[in-house]
Amino acid sequence: MDDTISDMVFSSSKNNTFVDQTILYLMQRLEREGRAHHLSQRVDHRHNVHAPAKLGIADRDPNNLPVDFKPLYHAWITDISSSGVGMLLEHDLPHNVIMWLNLGSMIPEEHRPEQQQLLPIRIAYCMKLLPHTYRVGGAFVKDISSIPDKAWQHVIR
C-alpha cells in the first residue's frame, strides 16, 4: 500500500471505514516488514509485535469519529490481526466492554491523524497471568455506529 493511508476518507458506513483502512494499513505494513506470524484459530494472520499502546474511552462526533480520547490504561501489544489484538495490561477488564485503543506507536507520524490511531475494540477475554498482569484479547469493532453511547461507563470505577 503506497501513501493511500494519508488519503483516507473517514466514514461511518459499513464499507471501508477508517477502522478497516487502518487495520489494512497495519497488516500490509507488518507483512512488508516481514514480522513473524502464523495462522491463528481465527483463520487470519496474527502478527507478533511488541509495542506500547493506551486503552481508554472516547465519545463520538456526529460522523461517528472518536473525540476526546481519555487514556485509562497502559497496554503492551503482543500480537495483532485483522480481527483483533492481544495485549498485556496491569488491570482486569470486564468482558464485552467496548473501549478505544490508541495504536499511535505502531503508525508512523506522517500517517496518523488522531482518528486513525484510535480503534474501537470489544474486550473478548481477560485472563490473569500473574499478580497485576493480565492477558487481554480485543476484537476490532468495525461498525462504529453499532457501539452504544457510553458503552464504557461500567469500566470507570
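Here's a quick rundown of the structure.

Conventions and cut-offs
Residues numbered from 1 in each chain as written. Predicted model: local features only at pLDDT ≥ 70, side-chain atom pairs only at ≥ 80, totals over all residues. Heavy atoms only, no water. Salt bridge = Lys/Arg side-chain N within 4 Å of Asp/Glu carboxyl O. Helix = DSSP H or I, 4+ residues; strand = E, 2+ residues; numbered from the N terminus. Buried < 20%, exposed > 50% of the residue type's maximum accessible area, 1.4 Å probe, protein only. Pairing = 2+ DSSP bridges. Patch = residues over 30% accessible without salt bridge, like charges linked within 9 Å, V, L, I, M, F, W, Y side chains within 5 Å. Areas by Shrake-Rupley, 256 points an atom, 1.4 Å probe, with all protein chains shown as cover. Core = buried A, V, L, I, M, F, W, Y, C linked by side-chain atoms within 4.5 Å. Contact = heavy atoms within 4.5 Å.

## Considerations on the pattern of salt bridges
Right, so step 1: Tallied over the full model, the rule gives 2 salt bridges.
Right, so step 2: Note that arginine 46 and aspartate 79 form a salt bridge whose closest N and O atoms lie 3.7 Å from each other. Taken together, the residues span a long stretch of sequence, with arginine 46 in strand β2 (residues 45-60) and aspartate 79 in strand β3 (residues 66-80) at a distance of 33 residues.
Right, so step 3: What makes arginine 46 buried here is its relative accessible area of 18%.
Right, so step 4: Using a relative accessible area of 6% as the deciding quantity, one classes aspartate 79 as buried.
Right, so step 5: Via salt bridges that share partners, Arg46, Asp79 and Arg135 belong to a single interconnected network.

## Points about the pairing of β2
Right, so step 1: Note: β2 against β3, 11 bridges, orientation antiparallel. Across the sheet, residue glycine 56 finds its bridge partner in β3, namely proline 71.
Right, so step 2: Bridge analysis of β2 against strand β5 (residues 98-102) gives 3 bridges, and the strand direction is antiparallel. Each bridged residue has a counterpart across the sheet, and for leucine 55 the counterpart in β5 is leucine 101.

## Regarding the environment of leucine 72
Right, so step 1: As for its position among the elements, leucine 72 is in strand β3.
Right, so step 2: C-alpha of leucine 72 to C-alpha of glycine 56: the two residues are 16 residues apart in sequence and 4.7 Å apart in space.

## Some details on a nonpolar patch on the surface
Right, so step 1: A surface patch of nonpolar side chains, amounting to about 380 Å² of accessible area, comprises Tyr125, Met127, Leu129 and Leu130.
Right, so step 2: Mapping leucine 130 onto the fold places it in strand β6 (residues 118-130).

## A few points about the nonpolar core
Side chains that are nonpolar tend, in soluble globular proteins, to be buried together.
Right, so step 1: Counting residues in each nonpolar core, the largest one holds 41 residues, and the members touching the most others are Leu55, Ile77, Ile80, Met87, Leu101, Leu103 and Met106.
Right, so step 2: Among the elements of the structure, α1 (18-32), β2, β3, β4 (84-89), β5, β6 and β7 (133-140) are those that each provide at least two residues to this core.
Right, so step 3: When residues in this core are grouped by element, the largest group, 7 residues, is from α1.
Right, so step 4: Beyond its immediate chain neighbours, meaning those up to four positions away, leucine 103 contacts Leu26, Ala53, Ile77, Ile80, Gln117 and Leu119.

## Focus on the environment of isoleucine 23
Right, so step 1: If you trace the backbone, isoleucine 23 turns up in helix α1.
Right, so step 2: Apart from residues lying up to four places away in sequence, isoleucine 23 is in contact with Ser81, Ser82, Leu119, Phe140 and Lys142.

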